[in-house]
Amino acid sequence: MPQYCLRLTDPDATRVALVGGKAANLAHLLRHGLTVPPAFVVTTEVYQRFVGNLSADLQAAVQGGPISPVRGAEIRQGLIHAPIVPELINTIMAAEATLRAEIDNAALYAIRSSATTEDSESASFAGQHATYYYGARGSLLEMVRNCWASLFTDSAIHYRETHGVSHGAARMAVIVQVMINAEVSGVSFSADPATGKRESIVTESSWGMGAALVDGRVTPDHFVCDRKSGTVLSRRIADKRVMVPGRPVPPGEPRLAVVANADRRRATLEDDQIKTITELVLSAETAFDAPQDVEWALLDGTIYLLQARPITTILADDLAPPPPGKWVIFKPLVENFTEPLTPLAEDIFGRDLPPGLALFQGRAYLSLDKVKRLSPVRLSDVQATQICYLGEVKDLSALRLSPLKLIAGVIGLLLFATSYGVFLGRTRDLPDDALESFRQRVRAVRADDALGPRESLWTLTGCNAPFLAPIGWLPLAVNLGAVRYFFWLALLKIFLKRWAPDLPNEASAFLCAGGAGLKSVEMGHGIRDLAHAARNDQEVLGWFKYASIGDIWETTKHADPDKEFVKAFNAYVAEHGHRAMREFEIAVPRWREDPTAIFAMIKNYLLSADEPPRVEAQARARRQRLRQRLQRSVSHHFGEKHLGIRWRLLMHCVNRAKYFTKLRENSRYYHIMVNEVVRLKILDLERELLERQQLRCAGDAFYLRMGELMELQRGDLVWRDVEQRIRERRLTWIRQSKQTPPRTLGFDLSADTRIDQTPEALLRGFGASPGRYRGCAKVIRDPASDGPLEPGEILVAPYTDPAWTPLFLTARGAVVEVGSYLSHAGTVAREYAMPCVVDVARACEIITSGMMIEIDGEAGTVEIIEERAP
Amino acid sequence: MIVKLVVIVAAFLVSMHLVIALYSLLDLDWRKPAHRAIIKTKILLAACLFIAVGIISHDHRPYFAAGIGFFVTTHLLHYWGLRISVMAIRWWRRKKMLVQKP
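What counts and what doesn't
Residues numbered from 1 in each chain as written. Chains lettered and ligands numbered in written order. Predicted model: local features only at pLDDT ≥ 70, side-chain atom pairs only at ≥ 80, totals over all residues. Heavy atoms only, no water. Helix = DSSP H or I, 4+ residues; strand = E, 2+ residues; numbered from the N terminus. Rg over C-alpha atoms; globule rule 2.2 N^0.38 Å. Buried < 20%, exposed > 50% of the residue type's maximum accessible area, 1.4 Å probe, protein only. Contact = heavy atoms within 4.5 Å. Areas by Shrake-Rupley, 256 points an atom, 1.4 Å probe, with all protein chains shown as cover. Polar contact = N/O pair within 3.5 Å; in protein donor to acceptor, adjacent residues only side chain to side chain. Axes fitted to C-alpha atoms, helices over the stretch in contact; angles between N-to-C directions. Parallel < 35°, antiparallel > 145°, perpendicular 65-115°, else oblique. Left-handed = near helix turned anticlockwise from the far one by under 90°. Expected span 1.5 Å × (residues − 1). Bend = angle between axes of the 7 residues up to and from the residue. Patch = residues over 30% accessible without salt bridge, like charges linked within 9 Å, V, L, I, M, F, W, Y side chains within 5 Å. Salt bridge = Lys/Arg side-chain N within 4 Å of Asp/Glu carboxyl O. Core = buried A, V, L, I, M, F, W, Y, C linked by side-chain atoms within 4.5 Å. Buried area = accessible area lost by both parts, 1.4 Å probe. Nonpolar A, V, L, I, M, F, W, Y, C, P; charged D, E, K, R; others polar. Pairing = 2+ DSSP bridges. Phe/Tyr/Trp six-rings, centres within 6.5 Å; stacked < 30°, edge-to-face > 60°. Lys NZ or Arg CZ within 6 Å of the ring centre and 35° of its normal.

*Asks:* Which parts of the structure should I look at to understand the overall build of chain B?
*Replies:* The number of helices and strands found in chain B is 3 helices and 0 strands. Reading chain B from its N terminus to its C terminus gives the helix and strand order α-α-α. A compact globule built from 102 residues would reach a C-alpha radius of gyration of about 13 Å, whereas chain B, at 20 Å, exceeds it by more than 25%. The buried share of chain B, reckoned over its 102 residues, is 29%. A sequence separation of at least 24 residues applies to 61% of the contacts in chain B between residues at least 6 apart. Taken as a whole, chain B presents about 6,700 Å² of accessible surface, with 77% of it coming from carbon and sulfur.

*Asks:* Whenever I open this one, the side chain of Thr596 of chain A confuses me. Can you help?
*Replies:* Residue and element names in this part refer to chain A. Position of Thr596 relative to the elements: it lies in helix H26 (residues 596-608). Polar side-chain contacts of Thr596 include one of 2.7 Å to the side chain of Asp594. Look past the residues within four positions of Thr596 in its chain and what remains in contact with it is Asp239, Arg264, Arg265, Ile549 and Trp553.

*Asks:* Can you help me understand the packing of helix H18 (residues 453-460) of chain A against helix H30 (residues 673-691) of chain A in this one?
*Replies:* In a pair of packed helices, the angle between the axes and the distance between the axes together describe the arrangement. All names here are of chain A. Interaxial distance between H18 and H30 falls to 8 Å at its minimum, and their mutual angle equals 165 degrees. Taken together, H18 and H30 sit at an angle that is classed as roughly antiparallel. When the axes of H18 and H30 are compared, the crossing they make is right-handed. Residues Pro453, Ser456, Leu457 and Leu460 of H18 pack against Val674, Val677, Val678, Lys681 and Ile682 of H30.

*Asks:* What is the right way to look at helix H1 (residues 16-31) of chain A in this model?
*Replies:* Side chains of residues three or four places apart in an α-helix project in the same direction, reflecting 3.6 residues per turn. Residues and elements named next belong to chain A. The terminal C-alpha atoms of H1 lie 15 Å apart, and with 16 residues this falls more than 12% below the ideal 22 Å at 1.5 Å per residue. The sharpest bend along H1 comes to roughly 80 degrees, located at Lys22. Among the residues making up H1, those that are buried are Leu18, Val19, Gly20, Gly21, Lys22, Ala23, Ala24, Asn25, Leu26, Ala27 and Leu29. Two residues or fewer after H1 comes Gly33, characterised by a positive phi angle close to 80 degrees.

*Asks:* What should I look at first to understand a nonpolar patch on the surface in this one?
*Replies:* A grouping of Phe467 and Leu468 of chain A together with Leu26, Val72, Leu76, Trp80, Ile84 and Met87 of chain B is seen on the molecular surface, where their side chains present a nonpolar patch of about 750 Å² in accessible area. When residues in the nonpolar patch are grouped by element, the largest group, 5 residues, is from helix H3 (residues 61-100) of chain B. Relative to the helices and strands, Val72 of chain B is located in helix H3. By relative accessible area, Val72 of chain B is classed as partly exposed at 40%.

*Asks:* Any chance you could explain the side chain of His578 of chain A here in plain terms?
*Replies:* Residue and element names in this part refer to chain A. When you line up the elements, His578 lands in the loop between helix H25 (564-576) and H26. Within the structure, His578 has its side chain in polar contact with the backbone oxygen of Tyr669 (distance 2.9 Å). Other than its neighbours up to four places away in sequence, His578 contacts Arg590, Arg592, Tyr669, Ile672, Met673 and Glu676.

*Asks:* Which parts of the structure should I look at to understand the nonpolar core?
*Replies:* One broad trend across soluble globular proteins is that nonpolar side chains are buried collectively. Residues and elements named next belong to chain A. Counting residues in each nonpolar core, the largest one holds 129 residues, and the members touching the most others are Phe565, Ile598, Leu630 and Phe808. It is helix H29 (residues 645-671) that contributes the most residues to this core, 11 residues altogether. Setting aside residues no more than four positions away along its own chain, Ile598 makes contact with Ile527, Leu530, Phe569, Tyr572, Val573 and Trp591.

*Asks:* How do you make sense of the interface of chain B and chain A when you look at a structure like this?
*Replies:* By a widely used convention, the size of an interface equals the accessible area lost when the partners come together. On the side of chain A, 32 residues touch chain B, which itself brings 28 residues to the contact. Buried surface at the junction of chain B and chain A, summed over both partners, amounts to about 2,800 Å²; 63% is from carbon and sulfur atoms. Taken together, the links from chain B to chain A amount to 2 salt bridges. With a shortest N-O distance of 3.1 Å, Lys32 of chain B and Asp433 of chain A are connected by a salt bridge. Connecting chain B to chain A are 5 residue pairs in polar contact (both at pLDDT 80 or more). The element contributing the most residues to the side of chain B that touches chain A is H3 of chain B, with 15 residues. Considered class by class, the residues forming the side of chain B that touches chain A number 17 nonpolar, 5 polar and 6 charged.

*Asks:* Hey, could you run me through unusual backbone geometry in this one?
*Replies:* Note: most peptide bonds trans; most residues except glycine with negative phi. Residue and element names in this part refer to chain A. Positive phi, normally seen in glycine, also occurs at Asp289, with a value near 60 degrees. Inspection of the secondary structure assignment puts Asp289 in the loop between helix H10 (271-288) and strand S12 (292-299). Residue Asp289 is classed as exposed on the basis of its relative accessible area of 70%. Positive phi, normally seen in glycine, also occurs at Asp300, with a value near 50 degrees.

*Asks:* What am I meant to see in the sheet that holds strand S14 (residues 327-329) of chain A here?
*Replies:* Strand pairing in a sheet takes place through backbone hydrogen bonds and is either antiparallel or parallel in direction. Residue and element names in this part refer to chain A. An order of S15-S16-S14-S19 is seen for the 4 strands of this open sheet, with the pairing classed as antiparallel. Of all strands in the sheet, those with a lone pairing partner are strand S15 (357-360) and strand S19 (744-745), marking the two edges. Summarising the sheet, S15 and strand S16 (residues 363-367) pair through 4 bridges and their orientation is antiparallel. Bridge pairing in S16 links Leu357 to Leu366.

*Asks:* Quick question: what am I supposed to make of the packing of aromatic side chains here?
*Replies:* Two numbers describe a pair of aromatic rings. These are the distance of the centres and the angle of the planes. Within the structure shown, the criterion is met by 17 aromatic pairs over all chains. Plain terms: the ring middles of Phe416 of chain A and Tyr420 of chain A are 4.8 Å apart, the flat faces sit at 20 degrees to each other, and that makes the pair stacked. With a relative accessible area of 43%, Phe416 of chain A lands in the partly exposed category. Ring centres 6.3 Å apart and planes at 45 degrees place the aromatic pair Phe544 of chain A and Phe599 of chain A in the tilted group. One end of the pair, Phe544 of chain A, is in helix H23 (residues 538-546); the other, Phe599 of chain A, is in helix H26, with 55 residues separating them in the sequence. Residue classification places Phe599 of chain A among the buried residues on the basis of a relative accessible area of 0%. The rings of Trp543, Phe544, Phe565, Phe569 and Phe599 of chain A are connected pair by pair, giving a single aromatic cluster. One cation-aromatic arrangement involves Arg426 of chain A over Tyr23 of chain B; the distance from NZ or CZ to the ring centre is 3.9 Å.

Scope: geometric values only; no functional claims are made or implied.
Here it is in C-alpha cells:
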C-alpha cells in the first residue's frame, strides 16, 4: 500500500527514504517530546510516481549521470509543467484538509523541501533546496512542484556531484507545515560550529522570521551559553537593520522590512529565553546523540523547533582552493579586512591589484614567491614571512646576500628615486589642509552621471589623472608616498642608539608622537565636543540618558536645527560623514547614511566619564621630559654645545617621521571618500535595477560582480539568472566571515615565528605604542553596542578604525587582534601616550572582560595576571 | 670628469626642485596666507639655486643642459611610467582572468 502523505506523528515518518532527511529529523524531535509545528509530509513515493509519469527523456535525465546547467534547467521546467495525476492531487489536498481542520487558523503553510540526501552527517545540503512561506491551499500544488524542481537547481546538482551523491539516489519529499508567524527566529548549535568546542552552546537570533538570518541578510545577535549551567557567557547585540516580518506580505510589498530604530540594537532574547533554547538544543542533541544545528521560532512565548540537523561545521572544502604558490596575509591592509570583502567590493578593488597581491576569501595576500624573487638577499619561507608579516628577521647573520640582485635592486631604487623625485618632493612639506580640495573633486565625480562606479574609482584614485594634476587629486598616491616614515624612524633609532644609549627603547616612538593636525584625533575631539554640547543641554542629555540610539537619531532629525547640539552634530556629519566602521567595504553604510555609530560614541563618552581624563596633557608633558633628557644625553658629545649638529639631526628625523605618519593617516581620511562615492554610484544602479524588478532586494547588488550588474542593466541577465548566485555568494560570505583567515597559504610555519597564537598567560604581538600598564580588560567588538569603556580600563578589540578613536580618550591601554605599527590603533595610542599592543591573535577570545592584564607596549606582550579583577 | 658629473647631478637636482616649487602653485592655495608663504619660499629658494648653479657651471653648459634633460626625461618617465604600468597591470589581470575564468 503506497504511503503518499504522512503526519509527523506517523511511525513511518522517521524513515528517511520515505520522508527525506528534514522531515525524518522533525518526526524524531516530536517523538522525544519537543515542540514542532503541526505538519504532514508529501512523501518520496509521490515524487517517484510523478517522475514515473514524465517523458522517457526526462526520466533518463533525472536518473542518469552528470547533468549540465542547460539540462538542469530543462529538468526543472519539465517538473514544473508536467501534470500530476488526479489521485495524487486528491491525496495531498485531503491531507491538507485534515491538517486545516485540526487547527483553527491554519490556512497558511511553510512548504519545505525534504530530500533523502539532505541533513545527513556527511552533507547538510543547507540552503540548496527550496522553502516557501505563507503558502495557501490554492498555491500548495505549485509550491510542491517547485520543491521537487529545486532538486535540480545548479547549486544542488553541483553540491551532489562534488559530494559524490548520485542524482538518481536523490528523491524529494515535501513538508507542509503550519506557518509560525515568528516574533524572533534563530539558529542554535549544541557545539561551537567554528571551533568544534563542546562546552558552549551558540545561539544566533534576529527579529521576525529566520529567512533573513539564514540568507545572511541580517547580522544576528550572538549568544554563547555554558552547556552545564545554561548561563550566558558572552553576548553580542548586533545592529539588526532588516527583518522578514512574521506576517503575510501583500503583493508588491518587499518581503524585507526595515527594523524600527528602537529595536535595532535591542536584544532579541531575554536570559530566560536563551536558557530555554539552550535546554531545547541539548534535548535535540540527546535525541540524535550528536551535536545539532537547530532552527527555531519564537511565537507567543512558545519556542517551535523548525529543523534540526547534525553540525557539519564550516568545512574547508566548501571554500575555494587557495591560489597556487606561497602567500602571506598582507599586513598593511589586514586591519581593513577583518571581515571578507563582498564579491562586488572584491571585484571592484581587486581587479587592478599589482602582481604579487591577490584577494583570497575576501582578504588581501602577498606572494612570498615574488618577494623572494625580488629580495636582494636569499630568504627562506620563514624569513620572508618574518619580513613581510612581522617586519623583522630573528637572525640577520643567517641572511645571504645575492650580489646580482643587490646591484639590480640599487639600480631599481635609483631609477625610482629619480623618476618619482618630483612627486616625493611635492609631498615633502604639505600643510595640513593641502588635500582638502579633494572634497570638491569627490563632489564633482559624484555629480557626474556619466561616470559609473568603476570609472569613479578610476578617476578618484588618480590612475588616469592628467599630467598637471594637483596633489589634492591624488590622496592615494600621497598615502603610498608617506611610507617614507619607515626610513626616518629607522634612522632615528640608529642615532639614538649611538648618541643616547641610556634612553629607554621606546623613546623613538614617544618622540615621534604628538603634533596637531591628525584627522583621526580631530575626529575624537569632535565627539568629545559633541558630548560637551549634549551635557550642556539638559534636553539633549535626557535623550542620551533615557532613549535608545535609534530614538536619539529620530529625535535629532526632527529637532530644532538651531539647537547647539543639532548644529554641531550636523557639522560633524557633513565633515566626517564619509567614514564608517570597516570603511573599505563598500557594502557598509557610511555615517552620513546611518549616524547611529556617532550617537553611540557620544553616549559612551557621556556614560563613561564626566570629565575627560587629561591624557593629552599628560602625554605632552611626558614627551617634553623625554626631549629634555635626550638633549642632556646628546650635549655630552664633542662639539655639541657649540654646533648642536647631533641634536639638529635627531630633531630632523623626529619631525620627518611625525610628518609622514600624519600624512599617511590624513591621506587615508581623504582617500576613503572614494569608497563612499563608489558605494553611492552602486546604490544608484541598484535602485534602478530594483525599480525594473531586475533585483528584488536592497543589498543584493553587493553579491554580484560589476559585469553582472551591467548585464542586468542592459537586460542581458534577468533576476532568475542571478537569484541563486546571490544566495550562494551570501552563504559563502557568511562561511568566510566566521573563519579566521589563514595567515599563510601554500605552506605552514613553525610555532616559533610568532604567527600563531596559543592561549597562554603571555600573549605576544607587536608593540605599537610604548609603555606598561596593568588594569582591567574590557573586550569591545563593536563600539556602538559594547560600551561603555570605564576610565582606566584596557581596550581589547578585534581591530580599530576611526570609529573607535573616542574610546582611546578613556582607555589606558589597548590590545588589538590585527594591525601594525602604522595602524590606526598604534597611531592614536601614541598620540595619547598609552601603551598599545597590536597583532595579538585571538585576543578577544582569550581575554575576557574583567580580567586583570598587564600590557607592555615595547615588548609587544600582554600578560594575564588574574582571570577576574579583584 | 668628476666636475662634469657633479654639474649634471646638480643641474638635475636644482631643476627638479624648481619644478617641485612650481608645482606648489598648483598644489597649494595662493589665497591662504600659510600656503602663500610656503609657495614663495619654495620658488625663491629653488630659483636662486637654479640660477646659482647655472652661473657656476657656465663653463660646462652642455653638461648643465644634460642634467636638465635627464631630469625632464625622468619626470616624463614618472608620468608615463605610471600610466604604462597601470595599463600593463590591467592587461595582465585581464589575461589572467581570461585564463582562470573562461
